[in-house]
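The primary structure of each chain is shown beneath.
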Amino acid sequence: MTQRKIIHIDLDCFFAAVEMRDNPKLGDQPIAVGGSVSSRGVIAACNYPARTFGVRSAMPTAQALKLCPHLLLVPGRMQAYKEASQQVMAILKRYSDIVEPLSLDEAYLDVTGSALCQGSATRIAEAIRHTIKTETGLTASAGVAPNKFLAKIASDERKPDGLFVICPHQVPDFVARLPVQKIPGIGPKTASRLQELGVHYCQDVFKVPLARLIRQFGAYSQTLLERCQGLDQRPVSAERVRKSVGVEQTYAQDKCSLQDCEAELPALLSTLQQRLERHRASSLVHKVAVKLKFHDFQQTTVEQQVQTADLASIRSLLVTAWQRGEGRPVRLIGLQAGLAEQDHKQLMLEL
Amino acid sequence: MHLSIDKETLLKPLQMVSGAIERRHTLPILSNVLLDVQQDQLSLTGTDLEIEMVASVAVSQVHQQGRITVPARKLLDICRSLPDGCQIELTQVGEHFVISSGKAKFTLTTLPALDYPNLESWQGEVNLQLSRAELKRLLEETAFSMANQDVRYYLNGLLFEVDQQLVRTVATDGHRLAMSQLQLNEPVNAQQQLIIPRKGVLEMLRLLPDDDGSLSLSLGSNHIRLVDAAFSFSSKLIDGRFPDYRRVIPRNSTKQVTAHRPVLKDACTRASILSNEKYRGVRFNLAPSELQITANNPEHEQAEEVIEVEYQGDALEIGFNVSYVLDVLNSLNTDLVMLHLSDSNSSVLIEGVGNAQASYVVMPMRL
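What counts and how
- Residues numbered from 1 in each chain as written.
- Chains lettered and ligands numbered in written order.
- Predicted model: local features only at pLDDT ≥ 70, side-chain atom pairs only at ≥ 80, totals over all residues.
- Heavy atoms only, no water.
- UniProt positions renumbered as here; feature names shortened; annotations may be inferred.
- Helix = DSSP H or I, 4+ residues; strand = E, 2+ residues; numbered from the N terminus.
- Contact = heavy atoms within 4.5 Å.
- Areas by Shrake-Rupley, 256 points an atom, 1.4 Å probe, with all protein chains shown as cover.
- Buried < 20%, exposed > 50% of the residue type's maximum accessible area, 1.4 Å probe, protein only.
- Polar contact = N/O pair within 3.5 Å; in protein donor to acceptor, adjacent residues only side chain to side chain.
- Pairing = 2+ DSSP bridges.
- Axes fitted to C-alpha atoms, helices over the stretch in contact; angles between N-to-C directions.
- Buried area = accessible area lost by both parts, 1.4 Å probe.
- Salt bridge = Lys/Arg side-chain N within 4 Å of Asp/Glu carboxyl O.

- An unreviewed UniProt entry lists chain B under the name Beta sliding clamp, from Alkalimonas amylolytica.
- For chain B, the Sequence similarities (unreviewed entry) comment in UniProt is given as "Belongs to the beta sliding clamp family."
- Per UniProt, chain B has the following entry under Subunit (unreviewed entry): "Forms a ring-shaped head-to-tail homodimer around DNA."

- In the nomenclature of an unreviewed UniProt entry, chain A is known as DNA polymerase IV of Alkalimonas amylolytica.
- The UniProt entry for chain A carries the following text under Subcellular location (unreviewed entry): "Cytoplasm".
- Regarding chain A, the relevant UniProt record gives this comment under Catalytic activity (unreviewed entry): "DNA(n) + a 2'-deoxyribonucleoside 5'-triphosphate = DNA(n+1) + diphosphate".

Focus on the overall build of chain A
Line of reasoning, step 1. The helix and strand inventory of chain A stands at twelve helices and 13 strands.
Line of reasoning, step 2. Here the contacts in chain A between residues at least 6 apart in sequence split such that 62% fall between residues at least 24 apart.
Line of reasoning, step 3. In the form shown here, chain A has an accessible surface area of approximately 17600 Å², with 51% of it arising from carbon and sulfur atoms.

Side note on the UniProt feature "active site" (unreviewed entry) in chain A
All names here are of chain A.
Line of reasoning, step 1. Within this structure's numbering, the places UniProt gives as "active site" (unreviewed entry) are Glu106.
Line of reasoning, step 2. With respect to the element layout, Glu106 can be found in strand 6 (residues 106-110).
Line of reasoning, step 3. By relative accessible area, which is 15% here, Glu106 ends up buried.
Line of reasoning, step 4. Engagement of the side chain of Glu106 in a polar contact is seen with the side chain of His8, the distance being 2.9 Å.

A closer look at the pairing of strand 9 (residues 104-109) of chain B
Residue and element names in this part refer to chain B.
Line of reasoning, step 1. As defined by bridge partners, strand 8 (residues 96-101) adjoins strand 9 across six bridges and the pair is classed as antiparallel. Within strand 9, the position partnered with Ile99 by the bridge is Phe106.
Line of reasoning, step 2. Linking strand 8 to strand 9, which pair antiparallel, is a turn of two residues; within it Gly102 sits at a positive phi near 55°.

Here we look at the sheet that holds strand 5 (residues 99-103) of chain A
Strand pairing in a sheet relies on backbone hydrogen bonds. The paired strands run either parallel or antiparallel.
Residues and elements named next belong to chain A.
Line of reasoning, step 1. The strand order across the open sheet built from five strands is 5-6-1-7-8, with neighbouring strands paired in mixed fashion. Edge strands, defined here as strands with exactly one partner in the open sheet, are strand 5 and strand 8 (163-165). For this sheet the average axis-to-axis angle between neighbouring strands, irrespective of direction, equals 15°.
Line of reasoning, step 2. In this sheet, strand 8 lies alongside strand 7 (residues 140-145) in parallel orientation, the contact comprising three bridges. Looking at strand 8, one finds that Val144 is bridged to Val165.
Line of reasoning, step 3. Relative to the sheet, helix 6 (residues 148-155) contacts strand 1 (6-11), strand 5, strand 6, strand 7 and strand 8, its axis offset from that of strand 7 by approximately 140°.

Overview of the interface of chain B and chain A
Line of reasoning, step 1. Contact with chain B, which involves 27 residues of that partner, is made by 20 residues of chain A.
Line of reasoning, step 2. Both faces combined, the contact of chain B with chain A buries some 2100 Å², and carbon together with sulfur accounts for 61% of it.
Line of reasoning, step 3. Where chain B packs against chain A, one counts zero salt bridges.
Line of reasoning, step 4. Put simply, chain B and chain A have six residue pairs in polar contact (both at pLDDT 80 or more) between them.

Right, here's the structure in full:
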């Protein structure tokens, strides 16, 4: 296979940046986009001045205001963000036909074999960042690497408004010293299971006997071993496949009993089903998950493989999640349906 | 070493052993073939340290005995391109090896025979006599389901099981499973399971002639050896535990469908043309006495075909990777096949009617 050149573009604190652009009077004040304290909202995004106070996205607004009393809270304007995102994606398409949006503010580009900028991916990335800045007034960080996961890690290295390049010959050294939890897809759970095996950095994986790894991580061990060698064959694909559909609700008053939580399930499920229908994905459901966020903002998720999202399976997941809370009141309930790969899901023998 | 031999006599064993030899190897001597001339016999050996092939041939004109290794590929290419029916003279001259025929002369480098690696010596724990055709059938009926470069390394091979009166082969890649068995005339007093690596299986298939001649098999704890009149073949085994295949063979299927194999096969072949090239999904819609097969591709082209089957029961829609179904239908040789199904998420068991030697399990695809 020829050496690929992948760019990951990540807009810096996107929602907050749009607000600052549209309202220059805000200046360098710490600002955040999010719900109000009275509606028990959380922070959706915040700018860098706010981050210096310790404000983070997904933090309850009340807590953010404690950390930064003069934080300027603006309500979200989803329409404006969508428009800005479309503008940015249109810019990206000028630089490559193969653009894979990951969300409103993130995308991969495959620029292998591109004739632009004398074929230099680094200069293409710089040109993209420059164009985004001049045409939209937003700043973006970019990562350039031989594959997707390295490009994504790279874009995080020089944030905000920065560029980081991992050349093919640098990959072995870069990956060897890379903490495993930096690999997208390795969350705290997997990371701690890896740590139990003595794996902190990618290079440590190769000290674990293969049989042990397979027992612990099953088919995922293949992906894990590849990533730890700096390999990622996944193509940048323009048609993005939706992997999950979810719905969640924060309640004005905490739910203090399992019965109160259960009473909310039919409404949530109905919204979830509507969304599934809208994405024509009802037949693809293969997993459901129930998420509870407790009044202390600790959260837990219980998931299960299913054929359809029905009330019975969701209720039993809720019971498990509730028990994990050990009586703590619940502020948010979320439902999520995991979707099988569009149309084509080869089932496995239970070997 | 010095001998004369005609082209065809040399070419056949040389081609056989070349299969074991990798073109490029980190150990240069592994690109070589070992030539060993004793009395009126020439034996050739090729190995990649995993498998070892030895082929022998009688030579009428041995002028001098000896042992030497020479680059296998070059020797093969030279001999193959000499005119048919010609005499070839092979001579070791100091550190060189000379091939001459008529007015053509080629000089090759050599490496000492003493350095040529051979698989460690081992004792067979179980010895079997089988006919070539029977062994070939056992391998052919299952080998296509082996995994290839799967991280579950024990699936990258074929389970070879001896159990008193039965020899059984099983292969699976996690999506489908193939199983074949043979009733022995003389039971062996033993029970053994071993996994032959993929390359070894493919080489055995290449080597085995299609006749009823007898050969012997030796099974050791780390090796398997096959000894035929003209050659012997050894392979290391995969050190691992093969999953329990009995668990995945459906036993309580609720729907039994009998279909005419050539008709089903042809319909699947045609439908596959318009299936998604990557996923190869086709949809089976089962209704009393008929089976509808449909395929769609991303360009929204569609294939649709209805065939007659023997079935009385509820309707069922189930998807399959058509390549897996075709592999099975191509491997079976009976006129009728029986499909045992339950629901669209459960595996199908496919067998030939009137021939219970081979069984196939295929997991469906969600379409």
